[in-house]
Structures are given as structure tokens and as C-alpha cells.
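# A closer look at the structure
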Amino acid sequence: MSTPQLSVVIPVYNEQEVLQALFDRLYPALDKLGISYEIVFINDGSRDRSAAILREQFQKRPDVTRVILFDGNFGQHMAIMAGFEQSRGQRVVTLDADLQNPPEDIHLLLARMDEGFDYIGSIRRQRNDSWWRDIASRAVNNLRERTTRIKMTDQGCMFRAYDRRIINAINQSREVSTFIPALAYTYARNPAEVVVGHEERAAGESKYSLYSLIRLNFDLMTGFSLVPLQLFSMLGMLIALGSAAFFVFLLVRRLMIGPEAEGLFTLFALMFFLIGIALFGIGLLGEYIGRIYQQVRHRPRYLVEAVLESRIEDRGSRIELKNGAADSSQSSNINPEKTTANP
Ligand code: UDP
Ligand code: MG
């Protein structure tokens, strides 16, 4: 089996407005690199025309295009996971479909890899997101670095390059909810970063609401670190020590001054504070238990409706259809089976 030098993995969710512009820039940029490549698109259950557009593009460039069609919306990271599993390149670059990461900058990532690094993160030269995303992501970066020992200057940027060894390690990981740049980082021997351009979304709108960003960061924190739980135990111990001291203080006052009944509201305030902390702790515990629960159910992480790909040995010449798929006029191989990935 011939392996291309580069696989580009692109998750697509409701991106009908930008796909054509993406094709127009991506293919020429890759052709210019002068290396063998493949592009793996994953349609993450789009409800617009994205799937149809990807099918058309596959018909146009079956030699370097592969399309995975999901059977529903399983999220950006699961889409990338599926792309990794299908990818064959010695190096893999992940890219957003919305042209926020300029395809012309792929060579920057690859050049850095040539220097001997196996994981190339990217830093957006100048972010073009809304201001609250900017502030929030800075705060979250900070928190993450403290809790997880994962060093990424710019965690939100998916424009990254990975060596095949890392991709194989990720493919062996069976995590249900994960954050790919962080997972890859834990497997990297020699990570590095480069500065890349960042543009405003070409069209369409961001698929991430504030809520899903918070969820994502919970995943990141609880998926890669036990520090939140340990901090909580520590806090519990501190509070226990504090109340022990308080008890001694009250006891002494009782003996010296006699019975007192004031300070009821102080007591309330203290109680509510402690109850708040306790509830937060239970919630935090729930995050971990929820992850365990998701993991032990062993449900498939995503469902693949079809994979469009041409057989390698047939590329450039006559292409046969696998599984006797219909539509023999197409010189490509469409696998119409419903397959379950990662049972
Ligand atoms: N995406 C996806 N599934 C989702 C949400 C997003 O595959 O459920 C894709 C989306 O099509 C895009 C990339 O993930 O290619 C990043 O999404 P988006 O641009 O909305 O995120 P942002 O740039 O706002 O962080
Ligand atoms: Mg985007």
C-alpha cells in the first residue's frame, strides 16, 4: 500500500458556504508543496448541503480526496478521530473547514517538522474571534497549564501537524470525549509550535456556543488531570482544620465569657459557603464519574454511514467498485455499508 507523505484531515459541519472557497485554496496550496498527499474530509452529520458538495468534490478529485460521512453529529473531535483512523499519510495536518487557518500556511508546519519535531502546535498570529472568546481562552489556557502539565500557547487552534507515530498512538486510545491537541501532546516526544495566520470565518457561523466551550474545557481539565479532585481533597482538609480551630476558639469563649447566642447570620453565611463548596465538589466528582460511565457503556464513539475513496492500486487508471456498489459510471469506490467504528 502506498502511503502519501501528507494527510490533511478536515471536519465539516454545516459549512456549505465555505467549502468551495476551501477547495479553491487548499488543493493548489498542496499541489505547490510537491509531495504526495491525501485530503480526508469528515462530514459530521451536516444538515445543509455540505455532504453533497463533498461528494461532488470527491468525484472531481478521487485521486487525493477521501470523504467519511458520519451518521449524525458526533462533534469536531470525534470527526478528527475518524479522520485519523482513515488517514494513511506519514504526517497528518488538521485544519478547520472555515478557512480560519490559511491552507497556504501548511508548509510552515511541515518545515518545522523537518527540523525533527513530531508535534507542531500553532499560535494564531492575531486572533479574529469575538473579544469574549479571546479573554476566556486566555484564562482557560492559564488554568489548563497549571492543572494538566500540557503546554500549549494557543489551545483553541486546531491547525496542527502530527507525526505518524502520534497518530497511531491516538488511534489506539479509546477515549470517548477527548481533546485531540492535548491527547497528542501527551504522546509527543518533541513538540514545537509555529506562528500561523488566522482569518475571520470566511462564511457561516461558529459552531461553538459559550456552553459548548465550557463543556470542552471541562473535558480538557478532567480528561487529562486528577488535579481538580486532589485540590478538592486538599480544600476539604483545610476547611476541616479551620473548623477545628474555630471549635477550640468557641470552646474557650464559652468557658471564659459564658453562653452566647449572637452571630446567627455569620453562622448562616458560613454554612452557605460550605454547602456551596460541597455542591461544587459533588459536581466535580460527577464529571469524573460521568466520564467513567461514558467509557464503560462501550457505545460506538461515532457511526459511519459511508466512506468514499478510490482504491489505491486503481488510482489514475480504471477504478473498480468495492462491494459491488451501484453507479458504475463513477470511477470511484463508494462503500455504501453502514459501518460501526470502534465498537
Ligand atoms: N465542526 C464539526 N462538528 C461540530 C462542530 C464543528 O465537525 O459539531 C467543525 C467545523 O465544521 C469546522 C471546525 O469543526 O471545520 C471548527 O468549528 P468552528 O469554526 O465552528 O469553531 P471555531 O472556529 O468557532 O472554534
Ligand atoms: Mg472556526
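Definitions and cut-offs
- Each chain carries its own residue numbering, running from 1 in the direction its sequence is written.
- By the order in which they are written, chains take letters starting at A while ligands take numbers starting at 1.
- This being a predicted model, a pLDDT of at least 70 is required before a residue's local features are given, and a value of 80 or more before pairs of side-chain atoms are given or counted; all residues contribute to the totals for chains, interfaces and linings.
- The side-chain values count all of the structure's non-hydrogen atoms but skip hydrogen atoms and water molecules.
- The numbering of helices and of strands both runs from the N terminus, where a helix is a DSSP run of H or I of at least 4 residues and a strand a run of E of at least 2.
- For every residue, the accessible area (1.4 Å probe, protein chains only) is compared with the maximum for its type, and the residue is labelled buried under 20%, exposed over 50%, or partly exposed between those bounds.
- We call two residues in contact when some of their heavy atoms are within 4.5 Å.
- For this analysis, a salt bridge means a side-chain nitrogen from Lys or Arg found within 4 Å of a carboxyl oxygen belonging to Asp or Glu.
- For Na, K and Ca the donor cutoff is 3.2 Å, while for all other metals N, O and S atoms count as donors only within 2.8 Å; water does not appear among the atoms, so some sites may look incomplete.
- We call a residue near a molecule or strand whenever a single non-hydrogen atom of that residue lies within 4 Å of it.
- What qualifies as a polar contact is a pair of N or O atoms within 3.5 Å, subject to a donor-acceptor requirement within protein and to the restriction that residues adjacent in sequence count only when both atoms come from side chains.
- Using a 1.4 Å probe, the Shrake-Rupley method yields the accessible areas, and only the shown protein chains count as cover for residues.
- Each residue is assigned to one of three groups, with Ala, Val, Leu, Ile, Met, Phe, Trp, Tyr, Cys and Pro labelled nonpolar, Asp, Glu, Lys and Arg labelled charged, and all others, Gly among them, labelled polar.
- Here a helix's expected span is defined as the number of its residues, less one, multiplied by 1.5 Å.
- To define axes, lines are fitted to C-alpha atoms, for helices over the stretch in contact only, and angles between the resulting N-to-C directions are given on a 0 to 180 degree scale.
- When describing relative orientation, an angle under 35 degrees is termed roughly parallel and one over 145 degrees roughly antiparallel, while 65 to 115 degrees is termed roughly perpendicular and anything else oblique.
- Crossings are classed by handedness, with left-handed meaning an anticlockwise turn of the near helix from the far one by less than a right angle and right-handed meaning a clockwise turn.

The secondary structure content of the chain amounts to ten helices and ten strands. Taken along its principal axes, the extent of the C-alpha atoms in the chain is 100 × 40 × 35 Å. Classification of the 343 residues of the chain by burial places 45% in the buried group. Considering only contacts within the chain whose residues lie at least 6 apart along the sequence, 80% involve residues at least 24 apart.

Scanning the model with the defined rule gives 20 salt bridges in all. Two residues, Lys-207 and Glu-15, come together in a salt bridge whose shortest N-O distance is 3.4 Å. You can see Lys-207 sitting in the loop between strand S7 (191-196) and helix H8 (210-224) and its partner Glu-15 sitting in the loop between strand S1 (6-12) and helix H1 (19-33), a full 192 residues away along the chain. For Glu-56, the salt bridge is made with Arg-49, and the minimal N-O distance between the two is 3.3 Å. Residue Glu-56 is classed as partly exposed on the basis of its relative accessible area, which comes to 41%. Members of the salt-bridge network, linked through shared partners, are Glu-15, Asp-98, Arg-201 and Lys-207.

Moving on: the coordination of the magnesium ion (ligand 2). In the first shell of the magnesium ion (ligand 2), the protein supplies Asp-98 (OD) and Gln-100 (OE1), at 1.8 to 1.9 Å from the metal. Note on Gln-100: relative accessible area 11%, which makes it buried.

For the rest of this paragraph, the subject is the site of ligand 1. Taken together, 17 residues are adjacent to ligand 1, and Glu-15, Asp-44, Asp-98, Ser-206 and Lys-207 come closest. The side chain of Asp-44 places a nitrogen or oxygen atom 2.6 Å from a nitrogen atom of ligand 1. Computed on the free molecule, ligand 1 has an accessible area of 530 Å², of which 94% lies beneath the protein chains in the complex. When grouped by side-chain class, the residues that make up the shell around ligand 1 number five nonpolar, five polar and seven charged.

It is worth spelling out helix H10 (residues 264-297) at this point. Between the first and last C-alpha of H10 there are 48 Å, a value that for 34 residues agrees with the 50 Å anticipated at 1.5 Å per step. When we look at burial in H10, the residues that qualify are Ile-277, Gly-281, Leu-284, Glu-287, Tyr-288 and Arg-291. Those residues of H10 that are buried lie in contact with H8 and helix H9 (227-257). Of the residues one or two after H10, His-298 is the one with positive phi, at around 55°.

On to the packing of helix H3 (residues 76-86) against helix H6 (residues 164-172). It is at 9 Å that the axes of H3 and H6 come closest, and there the two elements cross at 120°. One element, H3, and the other, H6, form an angle in the oblique class. Considering the relative orientation of H3 and H6, their crossing is left-handed. Contact residues: H3 offers Met-81, Phe-84 and Glu-85, while H6 offers Ile-167, Ile-170 and Asn-171. Looking at the contact of H3 with H6, its residues break down into four nonpolar, one polar and one charged.

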